[in-house]
Amino acid sequence: MRIIPAIDIIEGKCVRLSKGDYDTKIIYNENPLEVAKSFEAHGIEYLHLVDLDGAKSSKIVNYKILEQIATQTGLKIDFGGGLKSDDDLRIAFESGANQITGGSIAVKNRAIFEKWISEYGSEKIILGADAKDEKIAVSGWLEDSDEDLVPFIQDYQTKGIQYVICTDIAKDGMLEGPSFDLYGKILAEAKGVKLIASGGISTFDELPKLAELGCEGTIIGKAIYEGRISLKQLENYIIGL
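(A) Seen up close, the packing of aromatic side chains. The full count for this structure, using the stated rule, is six aromatic pairs. Each ring, one from phenylalanine 113 and one from tryptophan 116, has its centre 6.2 Å from the other, and the planes form 65°; the classification is edge-to-face. Taken together, the positions of phenylalanine 113 and tryptophan 116, both in helix 6 (residues 110–120) and three residues apart, correspond to about one turn of that helix. Tryptophan 116 shares its class with phenylalanine 113; the two are buried.

The structure is reproduced here in structure tokens:
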């Protein structure tokens, strides 16, 4: 299972929110590049980079930070937050993203998101399926939708989607453990999906459980920043100790 630390950006700084609420912002580091380099130094190969300013303003904002991390580390970056147009996508890839994650756009403008899947291929485009009570939430989680989570994923599988990041919003940033039951349900019903678990990871012991369930990757944020999971533990996990 791939280990994918998260860096969330507001005003150029590395922050974390609780349940996606901007009022709960905690700044962990003024320099995201420094954080990314510390991940890489511990054998981590992947990074989930979220432009929270972009998510709020519906266009890419922090692409310079993406470019900085992409050019000064070897991390493979998946980038999301506010990608709404062909131009946003072009900027993200030109700035060094390996993959992009589309969440709100996949609900609000299916035509453009499906076009991206066919143009860039399923290795490059990740479906962001963020859920609250098994309903998809959009716009940086500020809005609910009527879309049911599992059928939403299944529908996009028919359009070629392979990678899905699923965040249970109720768990995000709460350090209360991930939604094992929800991920089990997705993996049982959306056959063949490459599921990346996100939200609520709080202890190292949860990682083997997610791997056992069949998750392809897991995104870890606050647990790293709060010292609940050390980078040394992740390094040992990656090299198989």
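(B) Representation of the side chain of serine 18. The topology assignment puts serine 18 in strand 2 (residues 13–18). The exposure class assigned to serine 18 is buried, which follows from its relative accessible area of 16%. Beyond its immediate sequence surroundings of up to four residues, serine 18 is in contact with Thr24, Asp172, Gly173, Met174 and Lys222.

(C) Up close: the pattern of salt bridges. All chains considered together, the criterion is met by 14 salt bridges. Its salt-bridge partner being aspartate 86, residue lysine 115 comes within 2.8 Å of it at the nearest N-O pair. Here aspartate 86 lies in helix 4 (residues 86–94) and lysine 115 lies in helix 6, a separation of 29 residues in the sequence. Note on aspartate 86: relative accessible area 36%, which makes it partly exposed. The shortest N-O distance in the salt bridge between arginine 90 and aspartate 87 comes to 2.6 Å. You can see arginine 90 and its partner aspartate 87 sitting in helix 4, three residues apart, about one turn around the helix.

Thresholds, definitions, all that
- Residues numbered from 1 in each chain as written.
- Predicted model: local features only at pLDDT ≥ 70, side-chain atom pairs only at ≥ 80, totals over all residues.
- Heavy atoms only, no water.
- Phe/Tyr/Trp six-rings, centres within 6.5 Å; stacked < 30°, edge-to-face > 60°.
- Helix = DSSP H or I, 4+ residues; strand = E, 2+ residues; numbered from the N terminus.
- Buried < 20%, exposed > 50% of the residue type's maximum accessible area, 1.4 Å probe, protein only.
- Contact = heavy atoms within 4.5 Å.
- Salt bridge = Lys/Arg side-chain N within 4 Å of Asp/Glu carboxyl O.

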